[in-house]
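# Per-entry structural report
For reference, the chains in residue letters:
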Amino acid sequence: MSNYALEQLWSPLSESLMEWDEAFHHLMLNDELRMTAYRKAIFETVRPGDRVLDLGTGTGILSQWALEAGAAHVVGIDLSLPVLAQAEARMKQAGLAERFQPVHALSYDVSLPEPVDVLISEIIGNMADNENFQPILHDAIKRFLKPHGKLLPQATRSYLVPVAARNAHADLSAGRISSITPHYEVSQLFRDRRISSPFNIYYDCILPRSIYLSQPQMATSYSGDWGQPSTYSHTLFFSLTEDSVLTGFKSYFVAQLSDTTNLDISGDDIAGKTTSDSWKHAYLPVTHPIEVRVGDQLEMNWSRSMMEQSCSFSQVYRWRGVVRRGGKTIGTFDQCTDETLLHA
């Protein structure tokens, strides 16, 4: 695990999937929390003779574990041809190439000759649905998975909690944002999204529980056939428990990978490996910090919508709300990853 500082800001890699390079895949492969949970869940789920689909196979480690668990055949789908080539090389080195079928395509454009027994995927963003996994998995379950087939992960839940991330907010105000992928800076994301304010996007950031201003609230939940809507608007209520300053929100997910294996990235102990090296948490800032007291009431609307299909970035998140004290408004905020909605 790398030596990250708490509240250190990193560019949001879930917003730039096609920019993932060897450095980021190396980070994922060395994320002990991620690797341990997925390996355990795969060996629990896959049975000898199973046909398996690995959706978003990347460098192929999940496919390799499925084959080592006894899968008769694994189809690995990925958008990146260079990364898929790494998966093929991995299988050849492990002596598993004959049972691995790489497919370079969008899953929407793929047809399989027969349904699979197990569908594995790790296209979860650090807010759960910020890599657009819900419609992708819903489609894949309908078209690729046998009735009563096994899905990994089985379910995900995402959470939001208000935080006093003073250091993260100060770094954002000063433009101090790190990048794991050396050739891609967050300024490129700002240009792609036509974002003028750095407070209208979220960031990868490990946020400790010590800066929570309330108890976390569940924001989204996906399970079953993953047919839950990909667009939504939820209102969450928080009773604040600290005399402090609201600088934004922390988002994270908990995934039930298999019957006995959960993956929870909420932790903040980097040395103890209770948080994820590759996902981190999502920090959703507010432009102007709000001084708060114990007992203040925070009402937040959290929404996800979709841009026009012509845009290369489809998802839009908006977090807006009000803080009240004794029924009187003491502060408001309104941030959105599509700034045109703020001026509509």
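See above for the structure.
For the structure given in this document, a descriptive report is provided here. (Residues numbered from 1 in each chain as written. Predicted model: local features only at pLDDT ≥ 70, side-chain atom pairs only at ≥ 80, totals over all residues. Heavy atoms only, no water.)

### A few points about the sheet that holds strand S2 (residues 73–78)
Strand order in the open sheet formed by five strands is S3-S2-S1-S4-S5, with parallel pairing between adjacent strands. Each having just a single partner strand, strand S3 (100–104) and strand S5 (145–152) make up the two edges of the open sheet. Going from strand to strand, the sheet's axes swing by 20° on average, the running direction of each strand aside. Here strand S4 (residues 116–121) runs beside S5; their pairing, made up of four bridges, is parallel. Note that in S5 the partner of Val118 across the bridge is Lys150. (Pairing = 2+ DSSP bridges. Helix = DSSP H or I, 4+ residues; strand = E, 2+ residues; numbered from the N terminus. Axes fitted to C-alpha atoms, helices over the stretch in contact; angles between N-to-C directions.)

### As for the pairing of strand S14 (residues 315–325)
Strand residues, when the strand is regular, have side chains that alternate between the two faces of the sheet. For S14, the tally of buried residues reaches eight of 11 residues, placing the bulk of the element in the interior. Two elements, strand S13 (residues 297–306) and S14, share 10 bridges in a ladder whose sense is antiparallel. Paired with Glu299 across the two strands is Val322, which belongs to S14. Where S14 and strand S15 (residues 328–336) come together, eight bridges link them in antiparallel fashion. (Buried < 20%, exposed > 50% of the residue type's maximum accessible area, 1.4 Å probe, protein only.)

### Some words on the packing of helix H2 (residues 32–45) against helix H3 (residues 61–68)
H3 packs onto H2 with a crossing angle of 35° between their chain directions and a minimal axis gap of 9 Å. Classified by chirality, the crossing of H3 by H2 is right-handed. Here H2 contributes Met35, Tyr38, Arg39, Ile42 and Phe43 to the contact with H3, which in turn contributes Ile61, Leu62, Trp65, Ala66 and Glu68. Residues belonging to the contact of H2 with H3 are distributed by class as follows: eight nonpolar, no polar and two charged. (Left-handed = near helix turned anticlockwise from the far one by under 90°. Contact = heavy atoms within 4.5 Å. Nonpolar A, V, L, I, M, F, W, Y, C, P; charged D, E, K, R; others polar.)

Note that all results are geometric; they support no functional claim without further evidence.
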